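Close look at the chain arrangement
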Amino acid sequence: MIAERGAAGGPPGKNKAEKSRRESSPAAQAVKQLLLGNGPIVTYTLVALYCAVFVLSPSSGLNATYGTGEELLAAQRGYFHRWGVIPAELLTGAPRAALTPLTALFVHGSWLHLLGNVLFLCVFGVMVEERMGHLQFALFYLGCGALALCAYAMANADSQATLVGASGAISAVLGAFLRLFPKARVTSLFPFLFFLPLRFPAWIVLPFWVALQWVAAQRDTGGPGVAYLAHLVGFSLGFVYAWVRYPRTARVKATATATEGDSQP
């Protein structure tokens with residue numbers, strides 16, 4: 001899934017080098033932009049870090065050093081406990097626990113969890129980063145993600161369950177995207193419509209996603225599962241930040257592609 005932008009045809013008389021550049025693949029252009037420092041460096045760096053950390057960690061099951069069977073399961077539990085947010089420990093103010101709202105953003109519990117977050121980040125993060133700039137986007141992403149996890153911890157102060165993943169941070173990106181690009185077309189796949197791809201403006205699709213998170217949060221019993229409250233807090237933080245920071249955002253014509261109806265980001 002990619003975020004599409006309309007490309008106007010160039011005037012006649014373009015030289016051969018310009019024509020070759022225009023006709024190059026999107027992947028080649030993205031690599032060239034990154035090498036020149038003009039592309040969404042933060043977004044792609046986050047994606048690379050997420051994938052690398054996951055593959056090397058016991059979560060993926062690919063690293064033979066963690067063993068198999070019960071040994072692997074024990075390594076996974078220890079990994080989540082060390083780097084994830086445990087609400088009951090975070091609120092005690094312990095120095096190690098105080099860092100977990102940041103470290104937990106780089107920990108994912110499964111392949112599905114990782115791929116869902118990476119998908120949403122790639123689709124929506126590129127355009128938000130281009131609008132905010134590299135440094136501001138990085139601080140925005142990490143800050144909103146950490147605050148979303150802290151808010152969940154405060155609402156579940158006695159919980160010993162471990163919270164991991166970048167879902168709160170990516171939800172903040174969705175909130176900012178809705179404010180910055182409300183008319184961008186988003187292609188969504190709805191399971192109850194036999195996965196028929198439909199294109200709607202972001203101001204329709206993203207509020208619908210928020211409504212799904214709200215309904216799911218009301219049914220959440222507080223046990224292990226998806227932290228829907230962190231999604232809602234992250235989305236709200238992202239939208240409010242973009243609203244305050246960019247009060248007169250220029251309307252940007254763009255088309256994004258995303259899958260709706262998932263339990264992630």
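Only a predicted model underlies this, so the values are computations on that prediction, with no experimental measurement involved.

Helix and strand content of the protein: 12 helices and 3 strands. Buried positions account for 42% of the 265 residues belonging to the protein. Taking as baseline every contact in the protein between residues at least 6 positions apart, the subset at least 24 positions apart corresponds to 73%. About 14,000 Å² of surface is accessible on the protein, with carbon and sulfur atoms providing 65% of the total.

What follows is about the packing of helix 8 (residues 111-132) against helix 10 (residues 167-180). To describe two helices that pack against each other, one gives the angle between their axes and the distance between the axes. Their axes nearest at 9 Å, the elements helix 8 and helix 10 cross at an angle of 40°. Between helix 8 and helix 10, the angle is such that the two are oblique. The chirality of how helix 8 crosses helix 10 is left-handed. Contacts from His113, Asn117, Phe120, Leu121, Phe124, Gly125, Met127, Val128, Arg131 and Met132 in helix 8 reach Ser167, Ile170, Val173, Leu174, Ala176, Phe177 and Leu180 in helix 10.

The next thing to look at is the nonpolar core. Within the largest apolar cluster, 45 residues are counted, with the highest numbers of intra-cluster contacts made by Phe124, Val128, Phe137, Phe140, Tyr141 and Phe177. Every element with two or more residues in this core is listed here: helix 3 (41-56), helix 8, helix 9 (134-155), helix 10 and helix 12 (228-245). Residues within four places of Tyr141 in sequence aside, it is in contact with Leu46, Tyr50, Leu121, Ala166, Ala169, Ile170 and Val173.

The next point concerns a nonpolar patch on the surface. A contiguous nonpolar surface patch, about 500 Å² in accessible area, is contributed by Val55, Leu56, Leu62, Trp111 and Leu115. The set of elements that each furnish at least two residues to the nonpolar patch consists of helix 3 and helix 8. Overall, Trp111 belongs to the partly exposed group, its relative accessible area being 39%.

Turning next to the pattern of salt bridges. Under the criterion given, the structure shown has 1 salt bridge. Across the salt bridge formed by Arg96 and Glu89, the nearest N and O atoms sit 3.0 Å from each other.

This next bit is on the environment of Pro182. Tracing the chain through its elements places Pro182 in the loop between helix 10 and strand 1 (185-190). What makes Pro182 buried here is its relative accessible area of 16%. For the pair Pro182 and Leu206, spaced 24 residues apart in the sequence, the C-alpha separation amounts to 9.2 Å.

Now for the confidence of the model for the protein. For the protein, the mean per-residue pLDDT works out to 76, and 64% of the residues sit at or above 70. The secondary structure element of the protein with the lowest average pLDDT is strand 3 (residues 255-257), at 43, and the one with the highest is helix 3, at 96. Contacts of residues 189-198 to residues separated by more than four positions or lying in other chains number 21 contacts, the stretch itself having pLDDT below 50. Under a pLDDT of 50 for its full length, residues 249-265 has, in the predicted model, 68 contacts with residues more than four places off or in other chains.

Spacing of three or four residues puts side chains on the same side of an α-helix, whose turn is 3.6 residues. The terminal C-alpha atoms of helix 9 lie 32 Å apart, and with 22 residues this matches the ideal 32 Å at 1.5 Å per residue to within 8%. Here helix 9 has its buried residues at Gln136, Phe137, Phe140, Tyr141, Cys144, Gly145, Ala146, Ala148, Leu149, Tyr152 and Ala153. Where the residues of helix 9 are buried, they touch helix 3, helix 5 (87-90), helix 7 (100-103), helix 8, helix 10 and helix 12.

This paragraph deals with the packing of helix 9 against helix 12. Relative orientation of the contacting elements helix 9 and helix 12 amounts to 140°, with a least axis distance of 8 Å. Looking at the two axes, helix 9 sits oblique to helix 12. Judged by the twist between their axes, the crossing of helix 9 over helix 12 is right-handed. Only Leu229, Ala230, Val233, Gly234, Leu237, Gly238, Tyr241 and Arg245 of helix 12 make contact with helix 9, whose side of the interface consists of Gln136, Phe140, Cys144, Leu147, Ala148, Ala151, Tyr152 and Ala155. Looking at the contact of helix 9 with helix 12, its residues break down into 12 nonpolar, 3 polar and 1 charged.

Cut-offs used in this document
- Residues numbered from 1 in each chain as written.
- Predicted model: local features only at pLDDT ≥ 70, side-chain atom pairs only at ≥ 80, totals over all residues.
- Heavy atoms only, no water.
- Helix = DSSP H or I, 4+ residues; strand = E, 2+ residues; numbered from the N terminus.
- Buried < 20%, exposed > 50% of the residue type's maximum accessible area, 1.4 Å probe, protein only.
- Contact = heavy atoms within 4.5 Å.
- Areas by Shrake-Rupley, 256 points an atom, 1.4 Å probe, with all protein chains shown as cover.
- Axes fitted to C-alpha atoms, helices over the stretch in contact; angles between N-to-C directions.
- Parallel < 35°, antiparallel > 145°, perpendicular 65-115°, else oblique.
- Left-handed = near helix turned anticlockwise from the far one by under 90°.
- Core = buried A, V, L, I, M, F, W, Y, C linked by side-chain atoms within 4.5 Å.
- Patch = residues over 30% accessible without salt bridge, like charges linked within 9 Å, V, L, I, M, F, W, Y side chains within 5 Å.
- Salt bridge = Lys/Arg side-chain N within 4 Å of Asp/Glu carboxyl O.
- pLDDT = per-residue confidence, 0-100.
- Expected span 1.5 Å × (residues − 1).
- Nonpolar A, V, L, I, M, F, W, Y, C, P; charged D, E, K, R; others polar.

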